[in-house]
Structure formats: structure tokens, C-alpha cells
Amino acid sequence: MAPISVIPPPFSPGPSRGIGLCLCGGGITGAMYEVGCLAALEESLEGFRACDFDIFVGTSSGASVAAALAGGIDATRLYRALLDPADDFFTLQRHHLLRFDGAEWKRMWGSALGAARHLVSSATSRPLALDVWTELERFTDSLPAGIFTLDAYEEFYGNFMRRRGIPTSFSELPRTLRLVANDLDAGERAVFGEGELADVSVPRAIVASSAIPILFAPVRIADRDFVDGGLGEIAHVDLALDGGCDLVVVINPMVPITPDRKTRSVPTGHGRGQRIRDKGLLWVYNQSFRLRTEARFRKLLAEFREDHPEARVLLLEPDQDDATMFMYSPMNFAARRVILEDGYRSTVRLLKAPGSPLREAMVDKGLKLKDELA
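All chains use their own residue numbering, which begins from 1 and follows the written sequence. Given that the model is predicted, a residue must reach a pLDDT of at least 70 before its local features are reported, and side-chain atom pairs must reach 80 or more before they are shown or counted; all residues, however, enter totals for whole chains, interfaces and linings. As a rule here, side-chain values come from all non-hydrogen atoms in the structure, and water together with hydrogens is ignored.

Let's talk about the side chain of His 96
Helix and strand definitions follow DSSP, with helices as H or I runs of at least four residues and strands as E runs of at least two, each counted in order from the N terminus. One can find His 96 in helix 4 (residues 94-97). Once you skip the residues sitting within four places of it in the chain, His 96 turns out to touch Thr 91, Ala 152, Tyr 153 and Phe 156. Contact definition: two residues touch when any of their heavy atoms are within 4.5 Å.

Below, the structure is given as C-alpha cells:
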């Protein structure tokens, strides 16, 4: 795990306020990393449960983890369930996420057929005046808004909440939960759990926050389309601060990946590769997105430090050298174990380290480390 970034100053004397938790995206593997980190906190702090945070903010895959915690589920229980493929506590399967969006593909074929007819008509009636680029644009505009749908995952997560006795209404949850998405047409952040979006069900809000562009079609709620919330303004920490927290823990698995060429650390379907490009187009795009996001995130973090000197933010991230584990398929249970255990061990190491910002912040909040870590 990379060194924790801390926004100063240290806690000043006075009444202690709440602790917020912001969980970012990173796909299924990112969610597993977050669960590993939080399970380590539960195992290391006396009497502490990850569902004891005062405010939970989740975006993308972090929304699923945040909702479970806000509903009273222990991170340790999620950790054990994800480690053991035979555990029926959270039985996520590939088909819950990778289901083709039939409506979008049907629309695509109908639109593409219309574009083809127009091309043939234009080519036969006015061949010399044919505008090739305009005709091609008709085909590109016929592409689906996303390859897969999250409808099956919404149903799966809703059933999970009902089986575990977790309310699907934001107002009925034991803890405050805010899930973040982006309004596609308005071009602005949308926060589920407050304001006009307070009455949207938690499972529906989760899929709206998790709809990664290209991969998943936007999620329609009323007359609005929503997509993945992204890191936003430094992981939407402002939502936790506005809720009265003076300490916010942010777990961000979305760091750029630095493969080791000597050890050929990039896993591909054709064997181990040396470079990210060996894993193909999707991972070239993924790495590019991580690079842009990280640069913007660091810039905003510095600005936030100046604008909010009273707040303290702890940022937990994996080492870029270790993040190649995120390139394994999350449906590979061996890979799940590696990611979960890495998040767990890294957090324990940080808590053990004398002078660790994470350790000091937890102690300052009245949380006691267990004897074997002290």
C-alpha cells in the first residue's frame, strides 16, 4: 500500500465529531480491495465494526460495499464470503454483471438497418453527391449506449438486502448513506439519498452509480440517465464533511498500474506479458483512465487542503507496483483471495507502524488497537 496522504492539521482539542468513509470505484477487484482494508480495521481495533462509521459515501463499485456497511453488515463477514466460493452469503456470479442489454442491441440493429437503407438509397439515387462521412455517422450513432445491462445485478443486490434484513430505503438504513452518480444529460453530480433523489431505492441507486460508460448502458430513473460517479471532487469527501465529520477515510483502488517487465507481471489469456498493451484495448483504455483520474485527483487533493484546513482526510491506496493483481479476472477465486488479502495485510502493516497517520487518527478518535498490534 502506498503511503497514506493526510490533509493536516492534526486533531485540535475540543469535542470530537464523526468519522466518514468514502469508497471509490475500481470494478469488482476494487471492491474486494476495499473489503480487505475494512476487515483489517475490524480485526485490529478493539470493539470496532466497519458499519460504525457515521456517514458512508460510495461511488461505482464502492457503492455496493458502502450500502452493505450502512445496512449493518460487518466487513469481516463480507471478507469471508468473498474468500470462500462455497459461502452463500453474497453469491455474486458472472451473469449478474455480464448480461447483454437486449433493448439497446435491438435499438442498434433497427437503427443500423435504417442507416443501411438510407445509404443504399443515397448511393443509387445520387451517387455523385453521396456524403460518405455523413452516412458513416449514421452507423456510429446507431451503436448501443452500452454493451451490458445492470438489471440483473440490481435484482441480485435487492434480494441480498432483503435476505439480510437490510432496508432498501435510504431513510430506513441504520447509518447515513450517500451514493454518487453523474447525470448524463445535465452533466453534473447526482447524490442519491438526499434531495429529489432521496426516495430512489438503494439497489437502483447502486446500479446508477456503477454504470461504467461503454461497458454498461446508462441507468434510467424517471426521465434522467445516470452513469458511473467516478472520483469526482476528491472522492466526494464534501458529502461526509457536510454531514458533520471531521475525519474522512477514503479508500481508492483506482491507481495507475506499473508492471514489472523483468518478471512479466501482466496476466493475459495468452500467458504473462511485459506491458499493459499486451492485455489489449480495454486495458489500454483502463490504464489511460487511471492516469487521468489520478492526476486530477492529486490536484484536487492539494486544492482541498487549502480550502478546508479544518478537515482531516486519510487516503488509502494500493502500491502501483502491486496493483497488477487488479488485472486478473475478478471471477477467478484465486485472484479474489490475492486482492482481499493484500488489502487486509497492507492495512494491518499501516496500523502497526509507529507514527502512522491511520493509527494516530484512530487512536485520536478513541479507538484502541488490540494488544497484539499495540
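Picking up after the structure, the text goes on.
Topic: the packing of helix 7 (residues 151-163) against helix 8 (residues 202-210)
Helix axes are fitted to C-alpha atoms over the stretch in contact, other axes to C-alpha atoms as well, and angles between N-to-C directions run from 0 to 180 degrees. The N-to-C vectors of helix 7 and helix 8 enclose an angle of 140 degrees; their axes lie 9 Å apart at closest approach. If you check the angle between helix 7 and helix 8, you find them oblique. Viewed along their axes, helix 7 and helix 8 form a crossing whose handedness is right-handed. Counting all contacts with helix 7, which are made through Asp 151, Tyr 153, Glu 154, Tyr 157, Gly 158 and Met 161, the residues of helix 8 involved are Val 202, Pro 203, Arg 204, Ile 206 and Val 207. Classifying every residue of the contact of helix 7 with helix 8 by side-chain character gives 7 nonpolar, 1 polar and 3 charged. Oblique is the label for any angle not covered by the other classes, which are roughly parallel (under 35 degrees), roughly antiparallel (over 145) and roughly perpendicular (65 to 115). Each crossing gets its handedness from the near helix: less than a right angle anticlockwise from the far helix is left-handed, clockwise is right-handed. We call Asp, Glu, Lys and Arg charged. Ala, Val, Leu, Ile, Met, Phe, Trp, Tyr, Cys and Pro are nonpolar, and the rest, Gly among them, are polar.

Focus: the sheet that holds strand 8 (residues 214-216)
Strands pair, by our definition, only if DSSP identifies at least two bridges between them. Spatially, the 3 strands line up as an open sheet ordered 4-5-8, and their pairing is mixed. A strand with exactly one partner marks an edge of an open sheet, and here the two such strands are strand 4 (99-100) and strand 8. Examined bridge by bridge, strand 5 (residues 146-149) and strand 8 share 2 bridges and lie parallel to one another. Considered in strand 8, the bridge of Phe 148 is made with Phe 216.

Topic: the nonpolar core
Across soluble globular proteins, nonpolar side chains have a tendency to be buried as a group. Only buried residues count toward a nonpolar core, which is a set of Ala, Val, Leu, Ile, Met, Phe, Trp, Tyr and Cys residues joined through side-chain atoms within 4.5 Å. For every residue, the accessible area (1.4 Å probe, protein chains only) is compared with the maximum for its type, and the residue is labelled buried under 20%, exposed over 50%, or partly exposed between those bounds. Leu 38, Phe 90, Tyr 153, Leu 177 and Phe 192 are the most contacted members of the largest nonpolar core, which has 85 residues in total. Sort the elements by how many residues they give to this core and helix 1 (residues 27-44) lands first, with 9 residues. Other than its neighbours up to four places away in sequence, Leu 177 contacts Phe 56, Ala 66, Ala 67, Ala 70, Phe 170, Phe 192, Gly 193 and Val 202. Judged by nonpolar contacts, the second largest core, of 22 residues, contains Ala 235, Leu 241, Leu 301 and Leu 315.

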